[in-house]
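Structural overview
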Amino acid sequence: SNSRAFFLRAYPLQTQEMLFDAHNHAFRVLGGVPERGIYDNMKTAVDKVGRGKRRIVNTRFQVMVSHFMFEAEFCNPAAGWEKGQIEKNVRDARYRLWHQAPSFKDLDTLNAWLEQRCKALWQEINHPDYKHKTIADLWQDEVDCLVSVPAPFDGFIEYSKRVSPTCLITFDNNRYSVPASFANRPVSLHVYADRLVIVAEEQVIAEHQRVFTRDHSQRGKTIYDWKHYLAVLQRKPGALRNGAPFQELPESFRKLQKQLLKHPGGDRDMVDVLALVLHHDERKVEQAITEALASGGVSKQNVINCLNRLLDKPRPERLSTPPELRLVEEPKADTGRYDHLREKRHVH
């Protein structure tokens, strides 16, 4: 910590998966991992504070420490002076950063600005002990003493969930869809700082961007992936008209659906088109639908034909014959040489 290089990152919650994500980004920006880290007795790291330096460290936090291979030390309770640099950095950041911060449309934009601004301040601020040098100057010397950063820590928190009959799981007052084949079955939920990953049968079966609600007393949101309900559509094509998971189909899909539903059997045809994404890239299917709509021939078969043309591999270029394999004398066509075969057949 000699250089006093600092890094700030914003999160919506003070949960353990956020802490893990912060370590991944901090070590990336600082250019390495130190031999020692000093921590407060936060609940995301310490399960129980004992006498003196005795701590029952959270198992998952200890796994992260082992992954990055550094030693974690914890301050005495209510002893802020043991991590004075951090306390002062928090106070200084209010004047260095927040008084000049613009408005941001989302958290990602804010964090990108924070990272850029922290690095800029390293160049601008003189070191308190070495007045002729900036924080960036000493940080360059310090990086050589850090351990190289390994692969990011897979910092998720795991929960066991049971999928509802409507193919949903609940987390933090919000509901997320799961493929219909896993309805009423247990799954494992991996919670990251920015996303949720659902695992079953040793494979990832669904992934969603994490949604945060401000008030847990309010009714949460339901986040659908319409592809999770295609198996249901095979049995009940009519669900396509008013089913909640299909209200946010891509625009080209919606236009095609509007055209197909004007004809008898349009529900079934649209279901067959949607099912194409199970076997082909969704962007290719969407492109095929766009081309079919542009051609004016709106039908299931036209979409399939457009998709097949997109999937066709281009013909390879003709190979040029090497000189050593070229014929010097062209063979002469002599069909008479086959006449002896006819003679033998008659003799037999």
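Each chain carries its own residue numbering, running from 1 in the written order of its sequence. In keeping with the predicted nature of the model, local features appear solely for residues at pLDDT of at least 70, side-chain atom pairs appear and are counted solely at 80 or more, and the whole-chain, interface and lining totals rest on all residues. Hydrogens and water molecules were not included; the side-chain quantities draw on all heavy atoms of the structure.

For the rest of this paragraph, the subject is the pattern of salt bridges. Each salt bridge in this description consists of a side-chain nitrogen of Lys or Arg and a carboxyl oxygen of Asp or Glu lying within 4 Å of one another. Under the definition given, this model contains 18 salt bridges. Lys 119 is the partner of Glu 115 in a salt bridge, and the nearest nitrogen-oxygen pair spans 3.6 Å. Taken together, the residues span about one helical turn, with Glu 115 and Lys 119 both in helix 4 (residues 107-124) at a distance of four residues. For the exposure calls, accessible area comes from a 1.4 Å probe over protein chains only, and a residue counts as buried if that area is under 20% of its type's maximum, exposed if over 50%, partly exposed in between. In this structure Glu 115 comes out as buried when scored by relative accessible area, which is 17%. Between Lys 300 and Asp 269 there is a salt bridge; the shortest N-O distance is 4.0 Å. Of this pair, Lys 300 sits in helix 11 (residues 300-311) while Asp 269 sits in helix 9 (residues 266-274), and the two are 31 residues apart along the sequence. Where salt bridges share partners, they join Glu 17, Asp 172 and Arg 210 into one cluster. What counts as a helix is a DSSP run of H or I of at least four residues, what counts as a strand is a run of E of at least two, and both are numbered from the N terminus.

Right, let's talk about the packing of helix 10 (residues 282-295) against helix 11 for a bit. Viewed as axis vectors pointing N to C, helix 10 and helix 11 meet at an angle of 125°, and their least axial separation amounts to 8 Å. It follows that helix 10 is oblique to helix 11 by the angle criterion. Between helix 10 and helix 11 lies a crossing whose hand is right-handed. Across the interface between the two elements, Lys 284, Val 285, Gln 287, Ala 288, Ile 289, Glu 291, Ala 292 and Ser 295 of helix 10 pack against Asn 302, Val 303, Cys 306, Leu 307 and Leu 310 of helix 11. Asp, Glu, Lys and Arg are counted as charged, while Ala, Val, Leu, Ile, Met, Phe, Trp, Tyr, Cys and Pro are counted as nonpolar; the rest, among them Gly, fall into the polar class. Counted by class, the contact of helix 10 with helix 11 contains eight nonpolar, three polar and two charged residues. Fitted lines through C-alpha atoms serve as axes, helices being fitted only where they are in contact, and the angles separating the N-to-C directions of these axes extend from 0 to 180 degrees. Convention used here: angles under 35 degrees read as roughly parallel, angles over 145 as roughly antiparallel, angles from 65 to 115 as roughly perpendicular, and any remaining angle as oblique. Note on convention: near helix rotated counterclockwise from far helix by under a right angle means a left-handed crossing. Clockwise means right-handed. In this description, contact between two residues means that some pair of their heavy atoms is separated by no more than 4.5 Å.

On the basis of which strands lie adjacent, the open sheet formed by four strands has the order 5-8-9-10 and antiparallel pairing. The open sheet has two edge strands with one neighbour each: strand 5 (157-162) and strand 10 (203-209). Taking each pair of neighbouring strands and ignoring which way they run, the sheet shows an average axis angle of 25°. Relative to strand 9 (residues 195-200), strand 8 (residues 186-191) runs antiparallel, the two being bridged by four bridges. The residue bridging Val 191 from the neighbouring strand is Leu 196, located in strand 9. Pairing between strands is defined by DSSP: at least two bridges between them are needed.

A few words now on helix 4. One less than the residue count of a helix, multiplied by 1.5 Å, gives the span that helix is expected to have. Here helix 4 is 18 residues long and its end C-alpha atoms lie 25 Å apart, about the 26 Å a rise of 1.5 Å per residue gives. Those residues of helix 4 that fall on the buried side of the exposure criterion are Leu 110, Asn 111, Trp 113, Leu 114, Glu 115, Arg 117, Cys 118, Ala 120, Leu 121 and Trp 122. The N-capping residue of helix 4, defined by a side-chain oxygen 3.3 Å from the backbone nitrogen of Asp 108, is Asp 106. By the criterion applied in these results, polar contacts are pairs of N or O atoms within 3.5 Å in which, for protein atoms, one can donate a hydrogen and the other can accept it, and in which residues neighboring in sequence qualify only through two side-chain atoms.

With that settled, consider the nonpolar core. Core analysis: the biggest nonpolar cluster contains 26 residues, and Trp 226, Phe 253, Leu 274 and Val 303 have the highest contact counts within it. Within the residue set of this core, elements represented by two or more residues are helix 6 (230-235), helix 8 (251-260), helix 9, helix 10 and helix 11. For Leu 274, the residues in contact, after removing those within four places along its chain, are Trp 226, Leu 230, Leu 233, Leu 240, Leu 249 and Phe 253. If you look at the next biggest cluster of nonpolar residues, it comprises 17 residues, including Phe 7, Leu 110, Ile 125 and Trp 139. Here the nonpolar core consists of buried residues drawn from Ala, Val, Leu, Ile, Met, Phe, Trp, Tyr and Cys, with membership extended through side-chain atoms lying within 4.5 Å.

Bringing helix 11 into the picture now. Counted at 1.5 Å a residue, the expected span for helix 11 with its twelve residues is 16 Å, and the 17 Å between its end C-alpha atoms agrees. Buried residues of helix 11: Asn 302, Val 303, Cys 306 and Leu 307, and no others. The arc enclosing the buried residues of helix 11, seen along the axis, measures out at 135°, which places them on a common side. At its buried positions, helix 11 is contacted by helix 8, helix 9 and helix 10. Our arc is simply the arc of the directions from the helix axis toward the C-beta atoms.

Here we take up the packing of helix 8 against helix 9. Look at helix 8 against helix 9: their axes get within 9 Å of each other, and the N-to-C directions meet at 155°. Taken together, the axes of helix 8 and helix 9 lie roughly antiparallel to each other. Handedness of the crossing formed by helix 8 with helix 9: right-handed. Mapping the contact onto sequence places Phe 253, Leu 256, Gln 257 and Leu 260 in helix 8 and Gly 266, Asp 269, Met 270, Val 273 and Leu 274 in helix 9. Tallied by class, the residues present in the contact of helix 8 with helix 9 amount to six nonpolar, two polar and one charged.

It is worth spelling out the pairing of strand 1 (residues 36-39) at this point. Side chains Gly 37 and Tyr 39 project from strand 1 onto a buried face, and the interleaved Arg 36 and Ile 38 project onto a face without burial. Pairing geometry for strand 1 and strand 4 (residues 71-74), over four bridges, is parallel. Its bridge partner lying in strand 4, Ile 38 is registered against Glu 73.

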